[in-house]
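Per-entry structural report
Listed below are the residues making up each chain.
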Amino acid sequence: MVNIKIVLFGFFFITSNLFSQEIQLDENLVGFSCGGNGKPTKLVQEITELINSKKYEEIESYLNSKNASKMYLSIIVLERLSELEMYELSENTQKVIKKIKDSPFVVMNCYGCLIEYTTMKTMFSTDNFIGSKKWIEKNIIIDK
């Protein structure tokens, strides 16, 4: 009877640990073409929905997140919107973006089936990092 309790406890511990890791991946992974299906990660899909709903203020609020992946996505979206004159960035927001871009914050990202950890500074020093440019141009289109 004691062995069954130990086995059940072990099973519960392992499955709950795996479940929490899956949740962390969903909330932190930036990828525009991940896994065998080549689809965007849940976080990227969430940001895409905010773009489609024109909830730009909510995207801007991600600059204050403790989640570096949300910060990264927020910056690339806001900069594209600003470039297309679809959203005006305040001077303060521009300063915050600059600080984040130069920071050592680490973003969990994937391309295909590989997961990597990359500093924010590295991500912004590479044009079209992990397909970001293609994704952003596909999802932010000038309203005519």
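Computed from a predicted structure; not experimentally measured. All residue numbers here refer to positions counted from 1 along the written sequence of the relevant chain. Reporting of local features is limited, given that this is a predicted model, to residues whose pLDDT is at least 70; pairs of side-chain atoms are given and counted only at 80 or more, and all residues count toward the totals for whole chains, interfaces and linings. Note that water and hydrogens are dropped before the side-chain values are worked out from all heavy atoms of the structure.

1. Notes on the environment of serine 65
A run of DSSP states H or I qualifies as a helix once it reaches four residues; a run of E qualifies as a strand once it reaches two. Both are numbered from the N-terminal end. By secondary structure assignment, the location of serine 65 is in the loop between helix 3 (56-61) and helix 4 (68-83). Burial classes: relative accessible area under 20% of the type maximum marks a residue as buried, over 50% as exposed, and values in between as partly exposed (1.4 Å probe, protein chains only). Serine 65 gets classed as buried once you look at its relative accessible area, which sits at 18%. Any two residues whose heavy atoms approach within 4.5 Å are treated as being in contact. Apart from the residues within four sequence positions on either side, serine 65 is in contact with Lys70 and Met71. Pairing of N or O atoms within 3.5 Å defines a polar contact, subject to two protein rules: one partner must be a possible hydrogen donor and the other a possible acceptor, and residues neighboring in sequence count only if both atoms are side-chain atoms. There is a polar contact of 2.8 Å between the side chain of serine 65 and the backbone nitrogen of asparagine 67.

2. Structural notes on helix 5 (residues 91-101)
Listed in full, the buried residues belonging to helix 5 are Thr93, Ile97 and Ile100. All buried residues of helix 5 lie within an arc of 65° about the axis, which places them on one face of the element. Set apart from the buried face of helix 5 by more than 90 degrees, the exposed residues are Glu91, Asn92, Lys95, Lys98 and Lys99. Where helix 5 is buried, its residues contact helix 3, helix 4 and helix 6 (120-125). This arc corresponds to the set of directions leading from the helix axis out to the C-beta atoms.

3. Details of the nonpolar core
One finds Val30, Phe32, Ile47, Tyr72, Leu73, Val77 and Trp135 to be the most contacted residues of the largest nonpolar core, which totals 33 residues. For this core, the secondary-structure elements that each account for two or more residues are helix 2 (42-52), helix 3, helix 4, helix 5, helix 6 and helix 7 (132-139). With near-sequence residues (within four places) excluded, isoleucine 47 lies in contact with Ile59, Tyr62, Leu73, Val77 and Trp135. Put simply, a nonpolar core is a bunch of buried Ala, Val, Leu, Ile, Met, Phe, Trp, Tyr and Cys residues held in one set by side-chain atoms that sit within 4.5 Å of each other.

4. Quick word on the packing of aromatic side chains
Between two aromatic rings, the relevant description is the distance of the centres plus the angle of the planes. We call Phe, Tyr and Trp rings a pair once their centres come within 6.5 Å, taking the six-membered ring for Trp, and we label the pair stacked below 30 degrees between planes, edge-to-face above 60, and tilted otherwise. Under the defined criterion, the tally for this structure stands at 3 aromatic pairs. Between tyrosine 56 and tyrosine 87, the ring centres sit 5.8 Å apart and the planes meet at 75°, which makes this aromatic pair edge-to-face. Remark: tyrosine 87 occurs in the loop between helix 4 and helix 5 and tyrosine 56 occurs in helix 3; sequence separation between them is 31 residues. Residue classification places tyrosine 56 among the buried positions, given a relative accessible area of 10%. Ring geometry for tyrosine 72 against phenylalanine 124: centres 5.2 Å apart, planes inclined by 55°, an arrangement best described as tilted. Remark: phenylalanine 124 occurs in helix 6 and tyrosine 72 occurs in helix 4; sequence separation between them is 52 residues. Lying across the ring of tyrosine 62, lysine 70 places its NZ or CZ 4.8 Å from the centre. Two conditions define a charge located above a ring, namely a distance within 6 Å from the ring centre to NZ of Lys or CZ of Arg, and an angle within 35 degrees of the ring normal.

5. A short note on the environment of asparagine 37
Structurally, asparagine 37 can be placed in the loop between strand 1 (29-30) and helix 2. Distance from asparagine 37 to cysteine 113, taken between C-alpha atoms, is 9.8 Å for residues 76 residues apart in sequence.

6. Here's the deal with the pattern of salt bridges
Each salt bridge in this description consists of a side-chain nitrogen of Lys or Arg and a carboxyl oxygen of Asp or Glu lying within 4 Å of one another. The full count for this structure, using the stated rule, is 3 salt bridges. Arginine 80 serves as the salt-bridge partner of glutamate 83, at 2.7 Å between the closest nitrogen and oxygen. With a gap of 3 residues between them, glutamate 83 and arginine 80 both fall in helix 4, about one helical turn apart. On the basis of relative accessible area, glutamate 83 is assigned to the exposed category, the value being 56%. Overall, the relative accessible area of 17% leaves arginine 80 in the buried class.

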